[in-house]
Amino acid sequence: MKPGISTRILHADRLAGSEHDAVHKPLHVAATYAYPNARALADVFQGRQSGYVYSRQGNPTGAALESKISMMEGAAGTVVFSTGMSAIAAMMVSLLRAGDHVVSSQFLFGNTSSLFHTLLGMGIEMSFVDATDVEQVRAALRPTTRMVFVETIANPRTQVADLAGIGELCESRGVLYVVDSTLTTPHLFRASDVKAGLVIHSLTKGISGHGNALGGSVSDTGLFDWRGYPNIAESYKQLDPRVWGLQQIRKKGLRDIGATLRAEDAHRIAVGAETLALRIERSNANALALAGWLESQPQVGRVHYPGLISHAQHARATELFGGRYGSLIGFELRPDIDTFTFLDALRLVILSSHLSDNRTLAIPVAQTIFYEMGAERRASMGIAEGLIRLSVGIEDYADLRDDLAQALGRFPAGV
Ligand SMILES: *Cc1c(COP(=O)(O)O)cnc(C)c1O
């Protein structure tokens, strides 16, 4: 029987043929590599021989992390980047041309939304639709549509896209389906189960978990047939068609843009990934309990969490994510309560813009991470002006509940 994911991640470096019997892949900090003769150097450059030429386009420490992410996703291959944003930007820039059309969920992480609007100004056409409804995606498709892009659980309002329905649609139309699974992590969800072609992670978030490194990844599930994709450069078409997409992302995206993950950070992320299952189980259990508790508090208005029966996509989330619902809660206080006064009363919960960290973090969304885009675009994403994003960590549950209770307790229970 094939070992489980946690077992495979924990033993991956050792079993891959360790250096000096070390249980961790060492940190390779060399910028460049030396070859015994010109033929060998040319062979590596031309892809006839595997190896490293210059660390901007990959190094052995990053490659060890790439193979672990491929294991978690059951993917054919992975390219890592210095941040989640550079992974998304490099993927888009390397695969799209002016005049191409992309259908994207309108419920997007703020910086992804900002990037997509930058691409709009560069001749990429974008349609933003409510991706919880596959019919809206279908209606937006055009002959020039090259890609459909969605987040699994949208940050910060927790809408759950019709991931399986969109996968069927993209497969039938031969359109590349890209899923940002940052909020689910491979512990809750495998993008290949819904027929995605590419899966994105911000490694800064749940996969590393400790808030001590930035990183991003693009994995190819192996399900998309790149032979039908119009923008592959002739030089990559000499290779096996299964690697065309990822090769173009590695060369045009990582090599040309240069958003390389440092070896130190690849190591930190790989160490974090060893405890992914433990951390996610704990943070998700905390979040489910807190969401239910918040919903019953008189000072609280709406609570958005896929684990609640009241969530519009609760049944879908249950089916897709194996009875876990992530660590992110969006909630609003009763309208007469000042959000900032409440946040300032928190003692344990940290006011921070990060998420999926071991520590519990809170942020007022409209005034910070979604401030720049303005009220109209916030409204289109379902973001109320008083929305608080709570990213639940792995602290002891009672301590989190007590902290929220003492902050809520400063406001009267009834109006
Ligand atoms: C944070 C985040 C990103 C960007 O990742 P960085 O590592 O911060 O650049 C992309 N998508 C989602 C859903 C995120 O939460």
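For the structure itself, look to the data block above.
These remarks concern the structure in this document. (Residues numbered from 1 in each chain as written. Predicted model: local features only at pLDDT ≥ 70, side-chain atom pairs only at ≥ 80, totals over all residues. Heavy atoms only, no water.)

Moving on to the site of the ligand. Lining the immediate surroundings of the ligand are 15 residues, of which Met85, Asp180, Ser202, Thr204 and Lys205 lie closest. Contact between the ligand and Asp180: a nitrogen atom at 2.7 Å from a side-chain N or O atom of the residue. Considering the ligand on its own, with 380 Å² of exposed area, one finds that the protein chains cover 92% of that surface. Of all the cavities here, the one that holds the ligand is the second largest pocket. Top contributing element to the shell around the ligand by residue count: helix H4 (residues 84-95), with 3 residues. A class-by-class count of the residues in the shell around the ligand yields 5 nonpolar, 7 polar and 3 charged. (Near = heavy atom within 4 Å. Polar contact = N/O pair within 3.5 Å; in protein donor to acceptor, adjacent residues only side chain to side chain. Areas by Shrake-Rupley, 256 points an atom, 1.4 Å probe, with all protein chains shown as cover. 1 Å grid on protein atoms, 1.4 Å probe; cavity = no way out; pocket = protein on both sides within 12 Å on 5 of 7 lines; lining within 4 Å. Sits in = over half its atoms within 2 Å of the grid points. Helix = DSSP H or I, 4+ residues; strand = E, 2+ residues; numbered from the N terminus. Nonpolar A, V, L, I, M, F, W, Y, C, P; charged D, E, K, R; others polar.)

Relative to the helices and strands, Gly211 is located in the loop between strand E6 (198-202) and strand E7 (216-220). Placed 137 residues apart in sequence, Gly211 and Gly74 show a C-alpha to C-alpha distance of 25 Å. Contacts of Gly211, omitting those with residues within four sequence positions, involve His354 and Asp357. (Contact = heavy atoms within 4.5 Å.)

In this section: unusual backbone geometry. The linkage connecting Asn155 with the following residue, Pro156, adopts the cis geometry, with an omega of 10 degrees. Inspection of the secondary structure puts Pro156 in the loop between strand E4 (145-151) and helix H7 (163-173). One non-glycine residue with positive phi stands out, namely Asp21, at about 60 degrees. Mapped onto the fold, Asp21 is located in the loop between helix H1 (5-15) and helix H2 (38-45). Backbone geometry places Thr185, a non-glycine residue, at a positive phi of 60 degrees. Within the element layout of this structure, Thr185 appears in helix H8 (residues 185-188). On the basis of relative accessibility, which here comes to 3%, the residue Thr185 falls in the buried class. (Buried < 20%, exposed > 50% of the residue type's maximum accessible area, 1.4 Å probe, protein only.)

Moving on, we get to empty space enclosed by the protein. Using the criterion set out here, one finds 5 cavities of 30 Å³ or more in the structure. Of the voids in this model, the largest cavity is the one considered here, and its volume is about 110 Å³. Forming the boundary of the largest cavity are 15 residues, of which Gly206, Ile280, Ser283, Ser327 and Ser356 lie nearest the centre. In terms of residue count, helix H11 (residues 276-295) provides more of the lining of the largest cavity than any other element does, 4 residues in total. Its residues placed into classes, the lining of the largest cavity shows 4 nonpolar, 9 polar and 2 charged. A domain-level breakdown of the lining of the largest cavity finds at least three residues from each of domain 1 (5-273) and domain 2 (276-408). (Points joined across faces, edges and corners; volume = space filled by probe spheres on them. Domains from an automatic or database assignment.)

Here we come to the layout of surface pockets. In this structure, the largest pocket encloses a volume near 940 Å³. Forming the boundary of the largest pocket are 29 residues, of which Gly47, Gly51, Gln247, Arg250 and Lys251 lie nearest the centre. Among the secondary structure elements, those contributing two or more residues to the lining of the largest pocket are H2, helix H3 (60-73), strand E1 (77-81) and helix H9 (244-257). Take the lining of the largest pocket: its biggest share by element is 5 residues, from H9.

Time to look at the sheet that holds E6. The strand order across the open sheet built from 7 strands is E1-E7-E6-E5-E4-E2-E3, with neighbouring strands paired in mixed fashion. Unpaired on one side and paired on the other, E1 and strand E3 (125-129) mark the two borders of the sheet. Averaged over all pairs of adjacent strands, the angle between strand axes in this sheet comes to 20 degrees, irrespective of strand direction. With 5 bridges connecting them, strand E2 (residues 101-105) and E3 associate as parallel partners. Residue pairing for E3: Ser104 is matched across the bridge by Phe128. Against the sheet, H3 contacts E1, E6 and E7, and its axis sits at roughly 130 degrees relative to E1. (Pairing = 2+ DSSP bridges. Axes fitted to C-alpha atoms, helices over the stretch in contact; angles between N-to-C directions.)

In this section: the sheet that holds strand E10 (residues 350-351). Taken together, 5 strands build an open sheet; the order of strands is E8-E9-E12-E11-E10 and the sheet is mixed. Whereas interior strands pair on both sides, the edge strands pair on one side only; in this sheet they are strand E8 (300-304) and E10. Relative to strand E11 (residues 361-364), E10 runs parallel, the two being bridged by 2 bridges. Bridge pairing links Ile350 to Leu361 in E11. Against the sheet, H11 engages E8, strand E9 (328-333) and strand E12 (388-391), with an angle of about 15 degrees to E9.

Okay, the side chain of Ser208 next. Within the secondary structure, Ser208 is located in the loop between E6 and E7. The buried category is assigned to Ser208, whose relative accessible area is 1%. Sequence-distant contacts of Ser208, that is, excluding residues within four places in its chain, are made with Leu203, Ala213, Ile269, Gly272 and Arg279.

Okay, H9 next. With 14 residues, H9 should cover 20 Å at 1.5 Å per step; its first-to-last C-alpha distance of 18 Å lies within 8% of that length. For H9, the complete set of buried residues consists of Trp244, Gly245, Leu246, Gln248, Ile249, Lys251, Gly253 and Leu254. Residues of H9 that are buried make contact with H2, E1, H4, E6 and E7. Positive backbone phi, approximately 80 degrees, marks Gly258, located one or two places after H9. (Expected span 1.5 Å × (residues − 1).)

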